[in-house]
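# A look at the structure
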Protein chains: 2
Amino acid sequence: MAEYSSILLEKAVDELSKLPGIGKKTALRLALHLLGEEKIKTEQLCKSLNDMRNNIVLCRRCYNISDEPLCSICSNPKRDENILCVVADMRDVLAIERTCSFNGLYHVLGGIINPIEGISPNDLRINELLERTKREEITEIILALPATIEGDTTNYYLSRVLKDFNGTITTIAKGISVGDALEYADEVTLGRSIANRIPYNKG
Amino acid sequence: MAEYSSILLEKAVDELSKLPGIGKKTALRLALHLLGEEKIKTEQLCKSLNDMRNNIVLCRRCYNISDEPLCSICSNPKRDENILCVVADMRDVLAIERTCSFNGLYHVLGGIINPIEGISPNDLRINELLERTKREEITEIILALPATIEGDTTNYYLSRVLKDFNGTITTIAKGISVGDALEYADEVTLGRSIANRIPYNKG
């Protein structure tokens, strides 16, 4: 006998629990929630998921996800085309956009070099980045990769690959978080934030 | 500008975050997960949700959810039709079925009496329960409602309504959980488990 007295419910719970972070219990709660709502709610949810999956593409310029061949950032004439921010993932684009502190363009690598997970430079959009530095008028490349060993490795690799690039290469500042007390910052971060100290006025 | 550089993604995140316990961040993670998978995965998920929502019905006898007019428990000839277990919700049916300790039939009330949430006896399937006691050959009714004040209230109400019922009315035992140390059990539970002590052999 089926676990749930309904094969249809069991199938829905199975499919929902394939999603990351959704176990069987959560999946059952979600399925029962949908059963308690109007049919149109389930239809709307499914339509939005299918629409998204079938119609979203990668921007042909920066490889951010986009509804159009050229994403809304790349096609925005108000953005500064001379500054390129290199990120690992489209989530990082969202994070930086939320800061409202950056007005240039992005380049989404699609990951960072990680030998343990089998991600080599060839799996990333590094050639596409080189092409852009030749084709576009870029004066500064900001490396905004995760502050991990893999991120540092990728930064180093990129700096070697970009040795013929004529502009400036910068990387985002690492230091203690705004609002943090010094005593709770880890030693490496606090050490770096002392080593990379900046003139007081800029802070 | 859209928060996510993609209206389609934003729409999907909006719909996902309407689900209970799913916030914007989780919804975004789920949406990006689907984007990273084959299109067929999203289609399968949505098909199973729509199939479930459009085709599941309530069993006409016990009001458990079911794929057929009569659910797989009610239509199973091996179940004991003389014992009826009254539960608040179909989740409780699942919970009791998992114990493999009950071989009778169910009656799903659809809730319990809760004046604060505005649930009165008329909102529950109590008349349907009375009808079953007249129409079916039931010798025992087990009240398996939540061990809360509302559950106790509903138990009391049902015992009054069922005063003409000729069989036995029982309720599930309340006591300390199997595996629990006495010192961590709350006073009410421990008190009840002493008051309702049973002969040693049955334990």
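Look up: the structure comes first, before these words.
Heads up: these notes are all about the structure in this document. (Residues numbered from 1 in each chain as written. Chains lettered and ligands numbered in written order. Predicted model: local features only at pLDDT ≥ 70, side-chain atom pairs only at ≥ 80, totals over all residues. Heavy atoms only, no water.)

### Some words on the overall build of chain A
Stated formally: A run of DSSP states H or I qualifies as a helix once it reaches four residues; a run of E qualifies as a strand once it reaches two. Both are numbered from the N-terminal end. Throughout, the radius of gyration refers to the C-alpha atoms, and the reference size of a globule is 2.2 Å times the residue count to the power 0.38. The cut-offs for exposure are 20% and 50% of the maximum accessible area for each residue type, with area from a 1.4 Å probe on protein chains only; residues under the lower value are buried, those over the upper are exposed, and the others partly exposed.
If you tally the helices and strands in chain A, you get seven helices and six strands. Over its C-alpha atoms chain A spans a radius of gyration of 22 Å, topping by over 25% the 17 Å that the globule rule assigns to 203 residues. Projected onto its principal axes, the C-alpha coordinates of chain A cover approximately 65 × 45 × 35 Å. Evaluated residue by residue, chain A yields a buried proportion of 39% over its 203 residues.

### Section: the interface of chain A and chain B
Applied cut-off: Should any heavy atoms of two residues lie within 4.5 Å, those residues are counted as being in contact. Buried surface area refers to the total accessible area, computed with a probe of radius 1.4 Å, that the two partners give up upon joining, counted for both partners together. Salt bridge, as used here: a side-chain nitrogen of Lys or Arg that lies within 4 Å of a carboxyl oxygen of Asp or Glu. Any pair of nitrogen or oxygen atoms within 3.5 Å is treated as a polar contact; in protein, a donor-acceptor pairing is required on top of that, and neighbouring residues in sequence qualify only through side-chain atoms on both sides. Classes in brief: Ala, Val, Leu, Ile, Met, Phe, Trp, Tyr, Cys and Pro nonpolar; Asp, Glu, Lys and Arg charged; the others, Gly included, polar.
With 53 residues of chain A at the contact, the number on the chain B side is 53 residues. In terms of surface lost to chain B, no three residues of chain A exceed Leu8, Met52 and Arg53 of chain A, which account for 13% of the buried area on that side. Viewed at the interface, chain B and chain A are joined by zero salt bridges. The interface formed by chain A and chain B holds 12 residue pairs in polar contact (both at pLDDT 80 or more) in total. Those elements giving two or more residues to the side of chain A that touches chain B turn out to be helix 1 (7-16), helix 2 (24-36), helix 3 (39-55), strand 2 (65-66) and helix 4 (90-99) of chain A. Ranked by the residues each element gives to the side of chain A that touches chain B, the list is headed by helix 3 of chain A, at 15 residues. Of the residues contributing to the side of chain A that touches chain B, the split by class is 25 nonpolar, 13 polar and 15 charged.

### Examining the side chain of Asn114 of chain A
Note on placement: Asn114 of chain A falls in the loop between strand 4 (104-108) and helix 5 (126-135). Residues in contact with Asn114 of chain A, not counting those within four places in the same chain, are Ile119 and Glu150 of chain A.

### Re the pattern of salt bridges
Two side chains bearing opposite charge may form a pair once their charged atoms approach each other closely. The final tally for this structure, using the stated rule, is 20 salt bridges over all chains. A salt bridge links Asp51 of chain B to Lys47 of chain B; its shortest N-O distance comes to 2.7 Å. Here Lys47 of chain B and Asp51 of chain B lie together in helix 3 (residues 39-55), a separation of four residues that amounts to about one turn. Residue Asp51 of chain B is classed as partly exposed on the basis of its relative accessible area, which comes to 26%. Classification of Lys47 of chain B as exposed rests on a relative accessible area of 53%. Each of Arg61, Glu81, Arg132 and Glu136 of chain A takes part in one network of salt bridges that share partners.

### Brief notes about the relation of the copies chain A and chain B
Rules: All copies are superposed by least squares; the fitting set is the C-alpha atoms of residues with a pLDDT of at least 70 in both.
With an RMSD of 0.1 Å, the operation that places chain A on chain B is a rotation of 179° combined with a shift of 0.0 Å along the axis. Expressed as an axis order, the relation between the two copies is that of a two-fold axis. Residue Cys46 of chain A, judged by its C-alpha, is the member of chain A lying nearest the rotation axis, at 2.6 Å. Both copies present the same face, since 100% of the interface residues in chain A are matched by interface residues at the equivalent positions in chain B.

### Some points on unusual backbone geometry
Peptide bonds are mostly trans, and most non-glycine residues show a negative phi. For Tyr63 of chain A, which is not glycine, the phi torsion reads 70° and is therefore positive. Tracing the sequence through the fold places Tyr63 of chain A in the loop between strand 1 (57-58) and strand 2. One non-glycine residue, Cys100 of chain B, lies in the positive phi region at around 55°. With relative accessibility at 70%, the residue Cys100 of chain B sits in the exposed group.

### Comments concerning helix 2 of chain A
Note the cut-off: The length a helix should cover is 1.5 Å for every residue beyond the first.
Look at helix 2 of chain A: 18 Å from first C-alpha to last across 13 residues, which is about the 18 Å you get at 1.5 Å a residue. Where helix 2 of chain A is buried, its residues touch helix 1 and helix 3 of chain A together with helix 3, strand 2 (65-66) and helix 4 (90-99) of chain B.

### Some remarks on the packing of helix 2 of chain A against helix 3 of chain B
Heads up, the condition is: Only the stretch in contact is used when a helix axis is fitted, and all axes are lines through C-alpha atoms; the angle between N-to-C directions ranges over 0 to 180 degrees. Angles are sorted into four bins: roughly parallel if under 35 degrees, roughly antiparallel if over 145, roughly perpendicular if 65 to 115, and oblique for all others. Rotating anticlockwise by less than a right angle from the far helix to the near helix defines a left-handed crossing, while the corresponding clockwise rotation defines a right-handed one.
Where helix 2 of chain A contacts helix 3 of chain B, the axes come no closer than 9 Å and their chain directions differ by 45°. Judged by the inter-axis angle, helix 2 of chain A sits oblique to helix 3 of chain B. Both helix 2 of chain A and helix 3 of chain B take part in a crossing whose hand is right-handed. On helix 3 of chain B, the residues touching Ala31, Leu34 and Leu35 of chain A of helix 2 of chain A are Leu49, Met52 and Arg53 of chain B. When grouped by side-chain class, the residues that make up the contact of helix 2 of chain A with helix 3 of chain B number five nonpolar, no polar and one charged.

### A word on the sheet that holds strand 5 (residues 140-143) of chain B
Residues and elements named next belong to chain B. Heads up, the condition is: A pair of strands is considered paired only if DSSP assigns at least 2 bridges between the two.
Taken in spatial order, the four strands of this open sheet run 4-3-5-6, and their pairing is parallel. Edge positions in the sheet fall to strand 4 (105-108) and strand 6 (168-171), since each of these pairs with one other strand and no more. The average angle at which neighbouring strand axes cross in this sheet is 25°, direction not considered. Where strand 3 (residues 83-87) and strand 4 come together, four bridges link them in parallel fashion.

### Some thoughts on the nonpolar core
Worth spelling out the cut-off: For our purposes a nonpolar core is just a set of buried Ala, Val, Leu, Ile, Met, Phe, Trp, Tyr and Cys residues, chained together by side-chain atoms within 4.5 Å.
Grouped together as the largest cluster of nonpolar side chains are 44 residues, with contacts concentrated most on Leu9 of chain A together with Leu9 of chain B. Counting residues per element, the ones that place at least two in this core are helix 1, helix 2, helix 3 and helix 4 of chain A together with helix 1 (7-16), helix 2 (24-36), helix 3 and helix 4 of chain B.

### Here we look at the packing of aromatic side chains
Residues and elements named next belong to chain A. Cut-off, in case you're wondering: To pair, rings of Phe, Tyr and Trp, with the six-membered ring standing in for Trp, must have centres within 6.5 Å; the planes then decide the type, stacked if under 30 degrees apart, edge-to-face if over 60, and tilted in the middle.
Under the criterion given, the structure shown has two aromatic pairs over all chains. Consider the rings of Phe102 and Tyr106, whose centres lie 5.2 Å apart with planes at 65°: the pair is edge-to-face. We classify Phe102 as buried; its relative accessible area is 14%. Overall, the relative accessible area of 1% leaves Tyr106 in the buried class.

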